[in-house]
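# Summary of structural features
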Amino acid sequence: MSSEWPLWEVFIRGQHGLNHRHVGSLHAPDAELAIKNARDVYTRRNEGVSIWVVKSVDITASSPSDKGPLFEPSNSKVYRHPTFFQIPEEVGHM
Amino acid sequence: MATAEIAVDRAALFEFLTRMGDNTLILGHRVSEWCGHAPVLEEDIALANTALDLIGQTQLWLGLAGEVEGKGRNADALAFLRDAAAFRNCLLVERPNGDFGQTLMRQFLFDAWHHVMLTALTKSEDPRVAEIAAKAVKEAAYHLERSSDLVIRLGDGTDESHARMQRALDDMWSYVGELFIADDADRAVAEAGIAPDPASLKPEWEAIVSEVLREATLKAPTSAYVHKGGRRGVHTEHLGYILADMQFLQRAYPGATW
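Described below are features of the structure shown in this document. (Residues numbered from 1 in each chain as written. Chains lettered and ligands numbered in written order. Predicted model: local features only at pLDDT ≥ 70, side-chain atom pairs only at ≥ 80, totals over all residues. Heavy atoms only, no water.)

### Observations regarding the overall build of chain A
Of regular secondary structure, chain A possesses two helices and three strands. When the helices and strands of chain A are listed from N to C terminus, the series reads β-β-α-β-α. A principal-axis box enclosing the C-alpha atoms of chain A has dimensions of 60 × 40 × 15 Å. Across the 94 residues that make up chain A, the buried fraction comes to 20%. Once local pairs closer than 6 in sequence are excluded, the contacts in chain A between residues at least 24 apart make up 42%. Accessible area for chain A stands at about 7,300 Å²; split by element, carbon and sulfur atoms hold 54% of it. (Helix = DSSP H or I, 4+ residues; strand = E, 2+ residues; numbered from the N terminus. Buried < 20%, exposed > 50% of the residue type's maximum accessible area, 1.4 Å probe, protein only. Contact = heavy atoms within 4.5 Å. Areas by Shrake-Rupley, 256 points an atom, 1.4 Å probe, with all protein chains shown as cover.)

### Considerations on the nonpolar core
Phe16(B), Met105(B), Leu109(B) and Leu121(B) are the most contacted members of the largest nonpolar core, which has 83 residues in total. The leading source of residues in this core is helix 5 (residues 100–121) of chain B, at 12 residues. (Core = buried A, V, L, I, M, F, W, Y, C linked by side-chain atoms within 4.5 Å.)

### Topic: the packing of helix 5 of chain B against helix 9 (residues 202–215) of chain B
All names here are of chain B. With their axes 9 Å apart at the nearest point, helix 5 and helix 9 run at an angle of 145° to one another. In the packing of helix 5 onto helix 9, the handedness of the crossing is right-handed. Where helix 5 abuts helix 9, its residues Phe108, Leu109, Ala112, Trp113 and Val116 lie against Glu204, Trp205, Ile208, Val209, Val212 and Leu213. Split into classes, the residues belonging to the contact of helix 5 with helix 9 amount to 10 nonpolar, no polar and one charged. (Axes fitted to C-alpha atoms, helices over the stretch in contact; angles between N-to-C directions. Left-handed = near helix turned anticlockwise from the far one by under 90°. Nonpolar A, V, L, I, M, F, W, Y, C, P; charged D, E, K, R; others polar.)

### Describing helix 5 of chain B
Residue and element names in this part refer to chain B. The terminal C-alpha atoms of helix 5 lie 30 Å apart, and with 22 residues this matches the ideal 32 Å at 1.5 Å per residue to within 8%. Of all 22 residues in helix 5, 18 are buried, a share of seventy percent or more. At the N-terminal end of helix 5, a side-chain oxygen is found 3.1 Å from the backbone nitrogen of glycine 101, two or three residues along, and the residue is aspartate 99. (Expected span 1.5 Å × (residues − 1). Polar contact = N/O pair within 3.5 Å; in protein donor to acceptor, adjacent residues only side chain to side chain.)

### Let's talk about the side chain of Gln57(B)
Relative to the helices and strands, Gln57(B) is located in helix 3 (residues 41–69). With near-sequence residues (within four places) excluded, Gln57(B) lies in contact with Thr24(B), His114(B), Ala136(B) and Glu139(B).

### Structural notes on the interface of chain A and chain B
Counting from both sides, the interface comprises 14 residues of chain A and, opposite them, 12 residues of chain B. When the buried surface of chain A facing chain B is broken down by residue, Lys36(A), Arg39(A) and Asp40(A) rank first, second and third, together holding 39% of it. Linking chain A with chain B are five salt bridges. Where chain A touches chain B, the interface holds eight residue pairs in polar contact (both at pLDDT 80 or more). Elements with a contribution of two residues or more to the side of chain A that touches chain B: strand 2 (20–27) and helix 1 (31–42) of chain A. Per-element accounting of the side of chain A that touches chain B gives the leading share, seven residues, to helix 1 of chain A. Tallied by class, residues from the side of chain A that touches chain B come to five nonpolar, three polar and six charged. (Buried area = accessible area lost by both parts, 1.4 Å probe. Salt bridge = Lys/Arg side-chain N within 4 Å of Asp/Glu carboxyl O.)

### Thoughts on empty space enclosed by the protein
Residue and element names in this part refer to chain B. Scanning the entire structure with this criterion turns up two cavities of 30 Å³ or more. Computed from the structure, the largest cavity encloses a volume of approximately 130 Å³. In terms of lining, the largest cavity is formed by 15 residues, of which the most central are Phe16, Trp113, Met117, Asp186 and Arg231. Those elements that place two or more of their residues in the lining of the largest cavity are helix 2 (10–32), helix 5 and helix 8 (184–191). In terms of residue count, the dominant contributor to the lining of the largest cavity is helix 2 (four residues). Counted as a void, the second largest cavity has a volume near 100 Å³. Lining the second largest cavity we find Glu43, Ala46, Leu47, Thr50, Thr103, Leu104, Gln107, Asp111, His143, Arg146, Ser147 and Leu150. Those elements giving two or more residues to the lining of the second largest cavity turn out to be helix 3, helix 5 and helix 6 (127–155). Looking at the lining of the second largest cavity residue by residue, the classes come out as four nonpolar, five polar and three charged. (1 Å grid on protein atoms, 1.4 Å probe; cavity = no way out; pocket = protein on both sides within 12 Å on 5 of 7 lines; lining within 4 Å. Points joined across faces, edges and corners; volume = space filled by probe spheres on them.)

Structure, rendered in structure tokens:
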């Protein structure tokens, strides 16, 4: 039966101010029940204050075979990291 | 706190508290029987959550019942060491699980009553009762939302699911009326402002149920026959099997802990 239901990706916000985080996936016939199922499957131990669900088929993912062209060019470009600024004393801890 | 206790007969208050606690205990046990057997994984977990909510509420109701009784019995002693005739749950909650539709219909009919009852109890004159109700009513609100939703989906679903839901409704219907019939204990706690008169909950219950059944395209049976007895300890044979299962360990190994 569950094979007839679409797969949904579940995102939970743990506390106010934090981003929603992907926590897993589940099956449900529609968005409304996906939220209910997510509540029951992923927030049983008081994990969340907000739930997002999105159909897994609606997610476009980068292809693992494109890993090289996509990500390797950013290797060895240390000048893109903001580690070369001198922070004035009076700013204190950032 | 003390004033509420003085204003009402202890035995009547104990009776009321065991009725609340035994309903949630027996239904919680029934629903937990689905664990590992539900139609889909998501539903399995949802049912287990519901069962755990109900067992959690049982601890509060029976814990308070033990205090009020004042004979040194705690929630565990009341749950595991009483015989069937001392149980005060309604007959509805001891109905067998049947198929998923029957479990769901029993849950919906109970949730609708439970939510209306707990909402009224949040205004109880006894602050201990009001506090338990305030905690439990949030859980019951979710139970009702979920069971209503599923009753509508399956009732207004395929021919097969519709037929099963109608059969479940026909099967469970005559076990609900008992929840609205008052006896002396009910009248005593109602007069003390501790709990509502059971009959006063019926219009709101009917409004919830008739709206959901209408959307679910299901027809409530017209028979007015009501099975009753559970609330005064006269049970169907099903309760005995539940207790045998539930109480075995404490009966065979008294005082066993883990």
